[in-house]
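# Examination of the molecular architecture
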Number of protein chains: 2
Amino acid sequence: MFLKCKAFSYSELIGVCWVLANQFLREYLDWPQLVEEAGSIVPANARSLREGVEGILIMGMGGSGIVGDVVYSLSSERLEIPVVLVKDFRVPRWVGRGWLAVAVSYSGETIETLTCLNEVIRREAQIAVVASGGKMIELAEERKLPYVRVPPGRTPRSSFPALLLATLKILKSLGIDLGTPREEQIIEFLKREDTLKLGHELAEKLTGKIPVFMSSTKYYPLALRAKDEFNENAKTPAKTEVYPEGFHNDIVGWEAWFGPFSMVIFKEVGNTTLEFLKETLLGAGLEVTTYELSNTYVEEVIKWSQVVGIASVIVAKKRGLDPKETKHIAKYKEFVRRTNI
Amino acid sequence: MFLKCKAFSYSELIGVCWVLANQFLREYLDWPQLVEEAGSIVPANARSLREGVEGILIMGMGGSGIVGDVVYSLSSERLEIPVVLVKDFRVPRWVGRGWLAVAVSYSGETIETLTCLNEVIRREAQIAVVASGGKMIELAEERKLPYVRVPPGRTPRSSFPALLLATLKILKSLGIDLGTPREEQIIEFLKREDTLKLGHELAEKLTGKIPVFMSSTKYYPLALRAKDEFNENAKTPAKTEVYPEGFHNDIVGWEAWFGPFSMVIFKEVGNTTLEFLKETLLGAGLEVTTYELSNTYVEEVIKWSQVVGIASVIVAKKRGLDPKETKHIAKYKEFVRRTNI
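Cut-offs used in this document
Residues numbered from 1 in each chain as written. Chains lettered and ligands numbered in written order. Predicted model: local features only at pLDDT ≥ 70, side-chain atom pairs only at ≥ 80, totals over all residues. Heavy atoms only, no water. Pairing = 2+ DSSP bridges. Helix = DSSP H or I, 4+ residues; strand = E, 2+ residues; numbered from the N terminus. Axes fitted to C-alpha atoms, helices over the stretch in contact; angles between N-to-C directions. Contact = heavy atoms within 4.5 Å. Buried < 20%, exposed > 50% of the residue type's maximum accessible area, 1.4 Å probe, protein only. Expected span 1.5 Å × (residues − 1). Domains from an automatic or database assignment. Buried area = accessible area lost by both parts, 1.4 Å probe. Salt bridge = Lys/Arg side-chain N within 4 Å of Asp/Glu carboxyl O. Polar contact = N/O pair within 3.5 Å; in protein donor to acceptor, adjacent residues only side chain to side chain. Nonpolar A, V, L, I, M, F, W, Y, C, P; charged D, E, K, R; others polar. Least-squares fit on C-alpha atoms with pLDDT ≥ 70 in both.

## Concerning the sheet that holds strand β4 (residues 126–131) of chain B
All names here are of chain B. Read from one edge to the other, the open sheet built from five strands follows the order β2-β1-β3-β4-β5, with strand pairing classed as parallel. Pairing within the sheet leaves two strands with one partner each, and these edge strands are β2 (83–86) and β5 (147–149). On average, adjacent strands in this sheet sit at an angle of 15° to one another, irrespective of strand direction. Bridge count for strand β1 (residues 55–59) against β2 is four bridges, and the pairing is parallel. From the neighbouring strand, Leu57 faces β2, where its bridge partner is Val84. On the sheet, helix α3 (residues 62–78) packs against β1, β2 and β3 (99–105) and is oriented at approximately 165° with respect to β2.

What follows is the structure, encoded as structure tokens:
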């Protein structure tokens, strides 16, 4: 299952994987430049929204969809109108003409997001698009919809900061200000610690393990991001758990646990319930790594997304796997094309 | 870790656990009666909502919170106003006077839900309560809020159908009809198949395994319910995954998987993407159990919740554990009391 090509010996294979992994690692290490680049992009077709927007829908899958989760966390503390996320083919019935619908898709071709985008166009919602190209940018240009084009030629997951900042920027241009930090603040934050070293240290702990990423509800987007990175890069099953919800069920699952688990807690300074969680898990004999997060939310989400990205690439390397290739996703896309869902 | 009391020998221990498990099993086997009982409850303080409700907030944790997930799934196909869920101490900023907020808590004492309930009272939202007693029922009586009291004296998780039907009923009494089936339809549905036998068969497959419950977005509440039941009853780590979102990340985690996993897919008839998922997982060498679900949504959710409840109790029994006791949750509640969060 682990062999990528029969012509290679195992040590040659590891060598090939190292080269591939090191190349791919650059797509994470260059995030300060990517943030800078994202900072210079100007939204196209910017305009004012019609009076009385009733709610915001964010449509996006996977790495693009996590942008929606971040927007949700920010909005729930700041906005007077609800934010709803869709990670599926179907738009909730309540989204109509009074709503702003934002499609986020790195490729601009994601079938679920495109299906939803066409549906909200039909429902005459106000629309914005974030993509690097594809049908969605074509559609936005054709219909003069507000859009941002993010730097192309990368993987969606390694483009996360660009997708996030572009979405926050287009929302701001439409009058919805979620209090984003300036690009230079984010870059400074990313450079403050050696994220490559942090990534190596985390990879050391998580190689051969099933990682469980735990956080508060607010930092769920980061826990989800970490899980998805270990899925896609390290080809490892992984799990998230959000607290306090997990105190009502998941925590009991660790009373008599088995399996090669290793826990990572993203804990805001002063969150005593997550401190209690850590003690409980340690008491149950689990390995626990805890990261202390400040309340500079967007910066922390981007920084730790970079760290888990790096860590998951290194784990792939150690396992003799190509971190970039995602065969099962390619198979799914082929299936969707073939069956014309 | 597995021993509950040093005075027992292992075989005595297993014997004690069997007795406890068999007692607890009754709380699942009596669901047809519980549904009937729930059918005869009449909401108190029923009234019409103020004109122009802007949205519905459902507040609840764990087994009570899953009611919110079911309401969300039903609403997204039926309602013209958004539904938002909270499983935390904090209410999103956008919930205000124009909203209907429903608190669901079996005990009526859940600290997170109670905190949110007090907050939405402060914000002058319209309010409804579903509980078996506790402070929330007191509050509802005192303030003449619409409420339903569900049958007391059970565990929250084994009260799921009562909590769900009570919530749907109180929403209906407030003019929000989610198309609930009549109680006799549900009872007939529950009795159509031998759910005890189904539970035994599933327990056979999942003992000693980390279960992964997979479903469409629509049936996510059921997958979540199954996971939580294995956490609480079987004391087993467990995981959910929702598709199509999982096709963009999680599916890759099974390309080079390891660990004692066993997959359960809840698949609606005609869902070809979940059929594709099954084939992909089988192709990766995983164990997969698939259940075919019809589109009679509420009935299926209740029926399969009963099956996974039974299965998780039987797994506890086989592991020599008391399915009813949840030590880590008790510890959390004690922590919350002590620290006065």
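## What to know about the environment of Leu25 of chain B
Residues and elements named next belong to chain B. You can see Leu25 is positioned in helix α1 (residues 10–29). Overall, the relative accessible area of 7% leaves Leu25 in the buried class. Along the primary structure Leu25 and Ile176 are separated by 151 residues, whereas in three dimensions their C-alpha atoms are 34 Å apart. Setting aside residues up to four positions removed in sequence, Leu25 forms contacts with Leu196, Ile310 and Val313.

## Considerations on helix α11 (residues 297–318) of chain A
All names here are of chain A. With 22 residues, α11 should reach 32 Å at 1.5 Å per residue; the first-to-last C-alpha distance of 31 Å fits that figure. Burial analysis of α11 places 21 of its 22 residues in the buried class, the great majority of the element. One or two steps after α11, the chain reaches Gly320, where phi turns positive at roughly 75°.

## Considerations on the domain arrangement of chain A
All names here are of chain A. What the domain assignment reports for chain A is domain 1 (1–38 + 193–341) and domain 2 (41–180). Using C-alpha coordinates to define each centre, domain 1 is positioned 25 Å away from domain 2. Between domain 1 and domain 2, the residue contacts involve 30 residues of the former and 24 residues of the latter. Counting each side, the surface lost to burial between domain 1 and domain 2 is near 2,300 Å², with a carbon and sulfur contribution of 66%. Of all residues in domain 1, the largest losses of buried area upon contact with domain 2 belong to Leu34, Ala38 and Arg225, amounting jointly to 24% of the total for that side. Our count for the contact surface shared by domain 1 and domain 2 stands at three salt bridges. One salt bridge in this structure joins Glu77 and Lys218, with 3.6 Å as the shortest N-O distance. In this assembly, domain 1 and domain 2 are joined by 15 residue pairs in polar contact (both at pLDDT 80 or more). Considering every element that reaches the side of domain 1 that touches domain 2, the biggest residue donor is helix α9 (residues 220–232), with seven residues. Its residues assigned to classes, the side of domain 1 that touches domain 2 shows 17 nonpolar, four polar and nine charged.

## Some thoughts on the relation of the copies chain B and chain A
The two copies are related by a screw motion: chain B maps onto chain A through a turn of 180° and a shift of 0.0 Å along the axis, at an RMSD of 0.0 Å. Seen this way, the second copy is the image of the first under a two-fold rotation axis. The residues that chain B uses at the interface reappear at the interface of chain A in 100% of cases, marking a shared surface.

## A short note on the pattern of salt bridges
Using the criterion set out here, one finds 56 salt bridges over all chains in the structure. For Arg90 of chain B, the salt bridge is made with Glu77 of chain A, and the minimal N-O distance between the two is 3.9 Å. Within this pair, whereas Arg90 of chain B is found in the loop between β2 and β3, its partner Glu77 of chain A is found in helix α3 (residues 62–78), the two belonging to separate chains. Among the residues examined, Glu77 of chain A registers a relative accessible area of 39% and is labelled partly exposed. Linked through salt bridges whose partners overlap, the residues forming this network are Lys227 and Asp228 of chain A together with Lys239, Glu241 and Asp250 of chain B.

## What to know about the sheet that holds strand β9 (residues 288–293) of chain B
The strands making up a sheet are joined through hydrogen bonds of the backbone, oriented either antiparallel or parallel. Residues and elements named next belong to chain B. Overall, parallel pairing links the four strands, which are arranged β7-β6-β8-β9 in an open sheet. Two strands bound the open sheet, and with one partner strand each, they are β7 (239–243) and β9. Sheet twist, expressed as the mean angle between neighbouring strand axes with direction ignored, is 20°. In terms of strand pairing, strand β8 (residues 261–268) meets β9 through six bridges, oriented parallel.

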